[in-house]
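These are the residues of each chain, in order.
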Amino acid sequence: MLPKRPETSAIGHGYVTRRVDRYRRGEHEQVSDAITEEVPVAMVYNDVPFAVMMVTPLDLEDFALGFSLSEGLVGTQAELKSIEVRPRLEGVELAMQVVSGTIEQRAGSGGERLLPGRSGCGLCGARMLEDAVRHPAAVGEGRRIESAALERALDALRAAQPVNAATGSVHAAAWCCIDGGIAMVREDVGRHNALDKLIGAMVKANVDPEQGFLVVTSRASYEMVTKAASAGITFMAAISAPTALAIHLAESTHLTLVGFARPGHYVVYTHPQRLLHTAGVRA
């Protein structure tokens, strides 16, 4: 059964409602439908435009911190001195002040603007091959995860996605406790954005990335593994497939990568020692 659709405007909640014509089994009706918001968000560091990303306008301060950390623009939360969310006619500007000189190195000494980033793109804005293919340091030992805990998280994830329940069109990144309970979730039209939001929220909450695991409702692309490893996450499960480069990166950073994660079925691609299997669970 489809989730109940909202009948009132939900501006500010990641979606809006629009009247649409619905055709189903030869029947026609006009209904209110929930539509995911997708707006350009300009990332501006020390008054230097860095990139423009297409983002669902929720949890933007989490996004600013997570993006800055996962893209290597700051090394720690303390280096990001301030974040100001500035609504603009065309979208949103995230004006950040940082300590690190990395911004000037990445954006160029002339302060030229980088390429805009689409919602499905994790490498937009990278002008050099060395910027596109980054190799994070190896992650820590981490904890072993019972397969039953992974099953529990997968079962609970759908109910933890309110924007997707309304629209059916956004990704989620979820941080899960050792027992499989979902501690926090961030949603976005872009899978990379959802993960950046989650990383930012985890850092703000002082979450230890070795004391739990990550579940994402997307494929496990190279960029997703890069961001997870950069954050020190040791175990990542994706509901869809990984890419060959993602597997290579997960192997080299010692991250456990699970793909095609569904209740009752999953595939372990790297470092399987962290997943403890239970009889009756297909692996």
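An account of the accompanying structure is given in this report. Please read all numbers here as calculations on a predicted model, not as lab measurements.

Conventions used here
- Residues numbered from 1 in each chain as written.
- Predicted model: local features only at pLDDT ≥ 70, side-chain atom pairs only at ≥ 80, totals over all residues.
- Heavy atoms only, no water.
- Phe/Tyr/Trp six-rings, centres within 6.5 Å; stacked < 30°, edge-to-face > 60°.
- Buried < 20%, exposed > 50% of the residue type's maximum accessible area, 1.4 Å probe, protein only.
- Helix = DSSP H or I, 4+ residues; strand = E, 2+ residues; numbered from the N terminus.
- Core = buried A, V, L, I, M, F, W, Y, C linked by side-chain atoms within 4.5 Å.
- Contact = heavy atoms within 4.5 Å.
- Pairing = 2+ DSSP bridges.
- Axes fitted to C-alpha atoms, helices over the stretch in contact; angles between N-to-C directions.

### Some details on the packing of aromatic side chains
Phase 1: One pass over the structure, following the stated rule, counts 4 aromatic pairs.
Phase 2: Considering the side-chain rings of Y45 and F50, the 5.9 Å spacing of their centres and the 90 degrees angle between planes classify their relative orientation as edge-to-face. A single burial state applies to Y45 and to F50, both of which are buried.
Phase 3: When the centroid spacing of 6.3 Å and the interplanar angle of 70 degrees are considered together, the rings of F50 and F67 count as edge-to-face. With F50 in strand β4 (residues 48-55) and F67 in helix α1 (residues 60-70), this pair connects stretches of sequence that are 17 residues apart.

### Let's talk about the nonpolar core
Phase 1: Formed by 26 residues in total, the largest nonpolar core has its most connected members in L198, L214 and M236.
Phase 2: Put simply, the parts of the chain that give this core at least two residues each are β8 (171-176), α6 (191-204), β10 (213-216), α7 (222-230), β11 (235-238) and α8 (244-253).
Phase 3: The biggest single contributor to this core is α6, with 6 residues.
Phase 4: What L198 contacts, discounting residues up to four positions off in sequence, is A173, A174, W175, M184, R186 and L214.

### Digging into the sheet that holds strand β6 (residues 92-98)
Phase 1: Spatial ordering of the open sheet is given by β4-β3-β6-β5, a layout of 4 strands whose pairing is mixed. Looking at the sheet topology across the chains shown, the edges are occupied by β4 and β5 (80-87). Across this sheet, the average inter-strand angle for adjacent strands is 20 degrees, counted without regard to direction.
Phase 2: Two elements, strand β3 (residues 39-45) and β6, share 5 bridges in a ladder whose sense is parallel. Bridged to V41 within β6 is V92.
Phase 3: The strands touched by α1 are β3, β4, β5 and β6; relative to β5, the strand with the most contacts, the crossing angle is about 135 degrees.

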